[in-house]
Amino acid sequence: PLFEDAFRSSAPSSVRGIDDHVVLCNYGPREEVLIDELTERGVEYVVVESDRETANTLYTSGYTVMFGDPERDAALRRARIEHADALIANVGDETNPSVLLSAREVNPDVRTVSLTEDPNTADYHRYAGADYVLSPKQILGEQLADKAAGTFDPEAIDAVEIDDDFDIAEFPLQSGSELVGQTIAESGVFEWTGAAVIGVWIRGDFHCPPPPDARFDARSVLVATGREAELDRLKEMTLSEGRRRRGDVVVAGMGVVGRAVTTALSSTGFEYTTVDLVEKSTVDVVGDATDREALREADITDAGTVVLALPDDTAAVFATFAIRELNPRIEVIVRANEHENVSKLYRAGADYVLSLAAVTGRMLASIVLDEEVLSPGTQLKLVRTTVPGAVGASLADADIRNRTGCTVVVAERNGSVVANPGASFVVEAGDELVVAGTDENISRFQAEFVR
């Protein structure tokens, strides 16, 4: 069998010899993020793919994949679901319940996760046996709306609460911010606000700590920790001096993500103009977000913020160029469907980009790997975890930042919290650390210090 598999050019219809694995019913950008995390941690998986051509392509690319219909009990048996740790159903809102019923028939004890595009169908997935039902597009839309609200309201901070009075948040710089053109040292952020800037996104690349000679521009995103009042003061410094009106928001794309954006904006009292290709009651301007005339009709030239919630990343790149040409000072907040397109959208001129694939992958990883992920809906990933690989060492000796690119934000010991622990802090058994970093850096951290 080993040699047969080695010389095979088409995907097999079964897998052998894997246990405690994750069965992925479907493959796409969201599953790709999860597979990267599983591979980093040494967790086995198998993709059950019903399209033979796709299955063959994945197989020749080195993925663990088998050809089969995930709705059929026999196919799931061939995926060794009796020995699996978890199953993830992401075939379709109507198909996933059928997959779940088959999984429960073969292995009633397997953990099951179902993804749904429409949050209103979540109950049907639970009735079919899902332990967890996730609606990533809903969460993504709410997070994008929070960023749009923050453009106008200094107290609208989308912060992650680490402790009762200690938070971490991302702050996109507006083009008129007093921080634009300054370095960390020149800005005096800590002296003026008390908040500690632990990292900065520059055109999609995360730098932690911020380079001392790097100058902030209108595309930079600061990552800072502090108490609520301190972060409020920092937020004021990131906003344009000429604050815009609450009605100057344009939302392009009225699918699941776009509707979640407008619902969240409405709940906080914000007015907006919507653009979509399809005429419906929720659409103010019917047209293409890449078309200048449609953008002008939506008053993009006078708007303060635009949220691009488009289902296609290529269209989002083109729309970003068109919007920047018509209104160079507008804040452009973008949904990316594939994680690899985030940096491309930044280069096109976006101010803040959030990846649907990354949001979904993080949520799935937190369930499958039993991690406490504190920030599924941000560019930065935060995890709370014990660190057996660093017990007995100081943070300086463990050299977590240089070895992994991650920053220890908080240490918790016996109910006490140490914010921004220094290099001399010694990790003891039972300590929990809150660690911040990119998805790739967190995976590296987990592999070196947690496994």
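Residues numbered from 1 in each chain as written. Predicted model: local features only at pLDDT ≥ 70, side-chain atom pairs only at ≥ 80, totals over all residues. Heavy atoms only, no water.

J.: Could you clarify how one ought to interpret the pattern of salt bridges in this entry?
T.: Oppositely charged side chains can form a pair if their charged atoms are brought close together. If you walk through the whole model with that rule in mind, you get 20 salt bridges. A salt bridge links D351 to R324; the shortest N-O distance between them is 2.7 Å. Separated by 27 residues along the polypeptide, D351 in the loop between α14 (342–348) and β17 (352–355) and R324 in helix α13 (residues 313–326) bring together distant segments of the chain. Given the relative accessible area of 2%, D351 is considered buried. (Salt bridge = Lys/Arg side-chain N within 4 Å of Asp/Glu carboxyl O. Helix = DSSP H or I, 4+ residues; strand = E, 2+ residues; numbered from the N terminus. Buried < 20%, exposed > 50% of the residue type's maximum accessible area, 1.4 Å probe, protein only.)

J.: Explain the packing of helix α7 (residues 136–150) against helix α15 (residues 356–368) here, please?
T.: Helix-helix packing is described using two parameters, namely the angle between the two axes and the distance between the axes. Orientation of α7 relative to α15, taken along the N-to-C sense of each, is 120°, at an axis distance of 10 Å. With respect to their mutual orientation, α7 and α15 come out oblique. For the crossing formed where α7 meets α15, the hand is right-handed. For the pair α7 and α15, contact is made by P136, K137, I139 and L140 and by L356, V359, T360 and M363, respectively. Grouping the constituent residues of the contact of α7 with α15 by class yields six nonpolar, one polar and one charged. (Axes fitted to C-alpha atoms, helices over the stretch in contact; angles between N-to-C directions. Parallel < 35°, antiparallel > 145°, perpendicular 65-115°, else oblique. Left-handed = near helix turned anticlockwise from the far one by under 90°. Contact = heavy atoms within 4.5 Å. Nonpolar A, V, L, I, M, F, W, Y, C, P; charged D, E, K, R; others polar.)

J.: Explanation requested: the sheet that holds strand β22 (residues 432–437) in the structure shown.
T.: Backbone hydrogen bonds hold the strands of a sheet together, and the pairing may be parallel or antiparallel. Taken in spatial order, the five strands make up an open sheet running β18-β19-β22-β20-β21, and their pairing is antiparallel. Only two strands of the sheet have a single neighbouring strand rather than two, namely β18 (372–373) and β21 (416–419). Relative to β22, strand β20 (residues 407–413) is paired through five bridges, and the arrangement is antiparallel. Looking at β22, one finds that V410 is bridged to V434. (Pairing = 2+ DSSP bridges.)

J.: Before we go on, may I ask you to explain the sheet that holds strand β8 (residues 166–172) in this structure?
T.: Taken in spatial order, the five strands of this open sheet run β7-β8-β11-β9-β10, and their pairing is antiparallel. Taken across any chain shown, the strands that pair with only one partner, and hence form the sheet edges, are β7 (160–163) and β10 (205–207). Across the sheet, the mean angle from the axis of one strand to that of its neighbour is 20°, orientation sign disregarded. Two strands pair when backbone bridges link them, and β8 and strand β11 (residues 220–226) are joined in this way by six bridges, in the antiparallel orientation. The residue of β11 that forms the bridge with P172 is V221.

J.: Is there a simple way to explain the pairing of strand β13 (residues 273–276) in this structure?
T.: Side-chain positions along a regular strand alternate between the two faces of the sheet. As defined by bridge partners, strand β12 (residues 249–252) adjoins β13 across three bridges and the pair is classed as parallel. Its bridge partner lying in β13, V251 is registered against T274. Of the pairings in the sheet, the one linking β13 to strand β14 (residues 285–286) comprises two bridges and is parallel in character. Bridging across to β14, V275 finds its partner in V285.

J.: Just to check I follow, could you spell out the nonpolar core for this structure?
T.: What tends to happen in soluble globular proteins is that the nonpolar side chains get buried as a cluster. In terms of nonpolar packing, the biggest core is built from 90 residues, with I162, I168, L308, L382 and V409 touching the most fellow members. For L308, the residues in contact, after removing those within four places along its chain, are A252, A316, A319, T320, I323, V332, I333, V334 and R335. Of all hydrophobic cores here, the second largest spans 22 residues; its members include V23, A79, A89 and A103. (Core = buried A, V, L, I, M, F, W, Y, C linked by side-chain atoms within 4.5 Å.)

J.: Got a minute to help me understand the environment of T385 in this structure?
T.: Tracing the sequence through the fold places T385 in strand β19 (residues 381–386). Of the residues examined, T385 reaches a relative accessible area of 12% and is grouped as buried. Along the primary structure T385 and Y127 are separated by 258 residues, whereas in three dimensions their C-alpha atoms are 32 Å apart.

J.: Is there a simple way to think about the packing of helix α2 (residues 29–41) against α15 in this case?
T.: In the contact formed by α2 and α15, the axes pass within 8 Å of each other and the chain directions differ by 45°. Judged on the interaxial angle alone, α15 and α2 are oblique. The hand of the α2/α15 crossing is right-handed. Of α15, the residues touching α2 (which contributes P29, R30, V33, L34, E37 and L38) are L356, A357, A358, T360, G361, L364, A365 and V368. Here the residues of the contact of α2 with α15 sort into 10 nonpolar, two polar and two charged.

J.: Would you explain the environment of T116 in this entry?
T.: As for its position among the elements, T116 is in the loop between β5 (111–115) and α6 (122–127). C-alpha of T116 to C-alpha of N90: the two residues are 26 residues apart in sequence and 7.5 Å apart in space. Those residues in contact with T116, other than ones at most four positions away along the chain, are D93, T121, H125, V133, L134, S135 and P136. At 2.7 Å, the side chain of T116 forms a polar contact with the side chain of T121. (Polar contact = N/O pair within 3.5 Å; in protein donor to acceptor, adjacent residues only side chain to side chain.)

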